[in-house]
Amino acid sequence: MGLKFILKETFRTIRTSRLNFFLSAIVQALCLLIFLIFLTITINLLSLVRETYNRIEIYAFLKEKVSYPEVADKVFLIAGVKEVRYVSKDEALQELKEDLGEDAGILSDLDKNPLPNSIRIKLEPNYHSAQALKEIEKKLANIPGIREVWSGREVLSKLEKLLRIILVSDFGILIIIGIAVIFIIFQNIEAIYLQRRREIEIMRLVGANEYIISAPFYWQGFLQGILGGLLAFLTLAILAYFLSTTLLSFIFPAFPLLFLSLLIGAVLGISGSYTALSRIKETAK
């Protein structure tokens, strides 16, 4: 009796309890779908934070009658500064008009240009964090000739905080869902085992070992987990398709998510089978 017999027994067991098998797989799929949704949100938020890091630029506004060379050398001495660019008040006004587009006419009534000369500072990748920005802002503010510093650090800080919350949530949801899925499979395997108790006793009497008896139940848990993982991924893919039509920057790494969904489903399926069989053996003692 080898693999062929085990697979035959596995599919025979599934056929005799197909309703429970598919209902359990659907419930498992719904559980995994919740985790995959949170994971997809995390991936997109990570991408947003990374894009924000790449666009980080500190604006240092100069006092009147202060020239760029007076402050540039001191700015370059600050650790983390990669590039410094001077922007005159006329350039800044032109950029503002371009940003306003059709509303740029509101600036035509100005008697003089209210914008100050400024320098824009790009940082080294290792300094792309809210804490690093805070430290560099303090150092820039202490340089004579700079009257104000702005970097958008508050927005970045909120994004980083939100990302930490979602990462912790992902971990917590995975634990809760893992326990729930193992319990679902545990109940299903235990019920089927008890239904086939008489057959299993006969198999033991004719010399079947525990591996031959238990293997079909492990295969059933494995297949149920794979089916649940596949259904969860397909549902997520449909949701992602509709979201991608409205969100231009939406990220959906299909193959990694498919692999992860199947892997988690399979691991939880086998774990549920193991838990059920262990419980039955302990009860039988």
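Rules of the game
- Residues numbered from 1 in each chain as written.
- Predicted model: local features only at pLDDT ≥ 70, side-chain atom pairs only at ≥ 80, totals over all residues.
- Heavy atoms only, no water.
- Salt bridge = Lys/Arg side-chain N within 4 Å of Asp/Glu carboxyl O.
- Helix = DSSP H or I, 4+ residues; strand = E, 2+ residues; numbered from the N terminus.
- Buried < 20%, exposed > 50% of the residue type's maximum accessible area, 1.4 Å probe, protein only.
- Pairing = 2+ DSSP bridges.
- Axes fitted to C-alpha atoms, helices over the stretch in contact; angles between N-to-C directions.
- Contact = heavy atoms within 4.5 Å.
- Patch = residues over 30% accessible without salt bridge, like charges linked within 9 Å, V, L, I, M, F, W, Y side chains within 5 Å.
- Areas by Shrake-Rupley, 256 points an atom, 1.4 Å probe, with all protein chains shown as cover.
- Lys, Arg positive; Asp, Glu negative; His and termini not counted.
- Charge placed at Lys NZ, Arg CZ, Asp CG, Glu CD.

A. Local environment of the pattern of salt bridges. Scanning the entire structure with this criterion turns up two salt bridges. Measuring nitrogen to oxygen at the nearest pair gives 3.6 Å for the salt bridge that ties Arg153 to Glu137. Of this pair, Arg153 sits in helix 6 (residues 153-195) while Glu137 sits in helix 5 (residues 130-141), and the two are 16 residues apart along the sequence. Its relative accessible area of 14% is what places Glu137 among the buried residues. For the salt bridge of Glu154 with Arg153, the shortest nitrogen-to-oxygen distance reads 3.9 Å. Connected via shared salt-bridge partners are Glu137, Arg153 and Glu154.

B. Local environment of the sheet that holds strand 4 (residues 146-150). Pairing in this open sheet of four strands is antiparallel, and the strands run 2-3-1-4 from one edge to the other. Looking at which strands have only one partner, the edges of the open sheet turn out to be strand 2 (81-87) and strand 4. On average, adjacent strands in this sheet sit at an angle of 20 degrees to one another, irrespective of strand direction. For strand 1 (residues 58-62) and strand 4, the ladder comprises four bridges, and the chain directions are antiparallel. Bridge pairing in strand 4 places Ala60 opposite Val149. The sheet strands contacting helix 3 (residues 68-76) are strand 1, strand 2, strand 3 (118-123) and strand 4, and the helix crosses strand 2 at an angle near 170 degrees.

C. Quick look at a positive patch on the surface. Taken together, the side chains of Lys4, Lys8, Arg15 and Arg18 make up a positively charged region of the molecular surface. Top element by residues in the positive patch is helix 1 (residues 3-16). It accounts for three residues. Turning to its location among the elements, Arg15 is positioned in helix 1. Look at Arg15 and you get partly exposed, because its relative accessible area is 48%.

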